Amino acid sequence: EVGFLREDQGDYSEARHLLRRALAIRRAHPGEDPLPLATTLHALASVNRQMGRYEEGEAQIREAIALKEAAYGEPHPDVASSLVILGTLLSTRELNRESLRERYDGSTRERYAEAEAANRRALAIRREVLGPDHLDVASSLQSLSQTYRFQRRWADAEPLLRDALRIWDVHHGADYGQTTLT
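These figures come from a predicted structure and were not determined experimentally. (Residues numbered from 1 in each chain as written. Predicted model: local features only at pLDDT ≥ 70, side-chain atom pairs only at ≥ 80, totals over all residues. Heavy atoms only, no water.)

Colleague: Quick rundown of the overall build of the protein chain? Include the residues and the values.
Modeller: Assigned secondary structure in the protein chain consists of 9 helices and 0 strands. A globule of 182 residues ought to have a C-alpha radius of gyration of about 16 Å, and the protein chain, at 17 Å, matches this closely. Along the first, second and third principal axes, the C-alpha set of the protein chain runs to 50 × 40 × 30 Å. The 182 residues of the protein chain split such that 41% are buried. (Helix = DSSP H or I, 4+ residues; strand = E, 2+ residues; numbered from the N terminus. Rg over C-alpha atoms; globule rule 2.2 N^0.38 Å. Buried < 20%, exposed > 50% of the residue type's maximum accessible area, 1.4 Å probe, protein only.)

Given below as C-alpha cells:
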C-alpha cells in the first residue's frame with residue numbers, strides 16, 4: 001500500500017523499490033489466490049512505465065494480464081485496466097523510440113498495432129461489463145486516442161476524444177478537470 005501511495009505522490013523510485021519488495025514477498029509466499037500477485041505486478045508495471053523502464057514493465061503487465069484472465073475466466077474490468085497499462089506502455093515506448101530514431105519503420109508500426117489492439121480490447125471489455133457511458137470507458141477512449149495521436153492519426157483520435165468528453169461532461173460537467181483537458 002505504501003508503494004501505491006508513493007506512486008500517487010510521484011515518487012516513482014521509492015514506489016518501485018517498495019513494490020519490488022512486495023513482489024518478492026508475494027512470489028516467496030504464493031497463496032491460492034493469484035490476484036494479489038497480479039495487483040502487485042500491475043502496479044509495478046505502471047511505475048516502470050512512468051520511469052521509462054518499458055521492457056521490465058511490459059513483462060510484468062503481461063504476467064498480470066495472464067493471471068487475471070486465468071482467475072476471472074471471462075471479461076472483467078480488472079483485466080481491462082491492465083490492458084490499458086499494456087497499451088499505454090507500448091505506445092509510449094514506441095513514441096520515445098520513434099523520436100530518437102527520427103523514422104517510422106515496420107517494427108514501430110507493429111508495436112503501435114499491438115498497443116491499439118490492447119486498448120481496443122480494454123474498451124470492448126469495459127463497454128460490455130460497465131456500459132457505454134461509464135467513466136472507465138471514457139478513460140479507455142482517451143487511451144486509444146493517445147495511441148492514434150502518437151501515430152499522427154488525427155482522424156481516428158478525434159471521435160474517440162469527443163466521445164470521452166461527452167461521458168466526462170455527463171458525469172462531471174464542463175468544469176471538471178479531465179473535461180477541460182480533453
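Once you've had a look at it, read on.
Colleague: So what's going on with the nonpolar core? Residues and values would help.
Modeller: General note: in soluble globular proteins, nonpolar side chains tend to be found buried as a group. Core analysis: the biggest nonpolar cluster contains 24 residues, and I61, L83 and L86 have the highest contact counts within it. Elements with a minimum of two residues in this core: α2 (12–28), α3 (35–50), α4 (54–72), α5 (77–101) and α6 (106–130). Other than its neighbours up to four places away in sequence, L83 contacts I65, A118, N119, R121, A122 and I125. Residues L123, L144, A164 and I167 belong to the second largest nonpolar core, which totals 11 residues. (Core = buried A, V, L, I, M, F, W, Y, C linked by side-chain atoms within 4.5 Å. Contact = heavy atoms within 4.5 Å.)

Colleague: How would you summarise α2 if you had to cite specific residues and measurements?
Modeller: Between its terminal C-alpha atoms α2 stretches 24 Å, which fits the 24 Å expected from 17 residues at 1.5 Å a residue. When we look at burial in α2, the residues that qualify are A15, R16, L18, L19 and L23. Tucked inside the fold, the buried residues of α2 contact α1 (2–8), α3 and α4. (Expected span 1.5 Å × (residues − 1).)

Colleague: Can you explain the side chain of S143? Please cite residues and give values.
Modeller: For S143, the location among the structural elements is in helix α7 (residues 135–150). What makes S143 buried here is its relative accessible area of 11%. Among residues more than four places away in sequence, those in contact with S143 are V84, T88 and N119.

Colleague: How would you explain the pattern of salt bridges if you had to name every residue and give the values?
Modeller: Applying the stated criterion to the full structure yields 19 salt bridges. Across the pair E114 and R62 runs a salt bridge whose closest N-O atoms are separated by 2.2 Å. Placement of the pair is E114 in helix α6 and R62 in helix α4, with a sequence separation of 52 residues. One salt bridge in this structure joins R93 and E94, with 3.6 Å as the shortest N-O distance. (Salt bridge = Lys/Arg side-chain N within 4 Å of Asp/Glu carboxyl O.)

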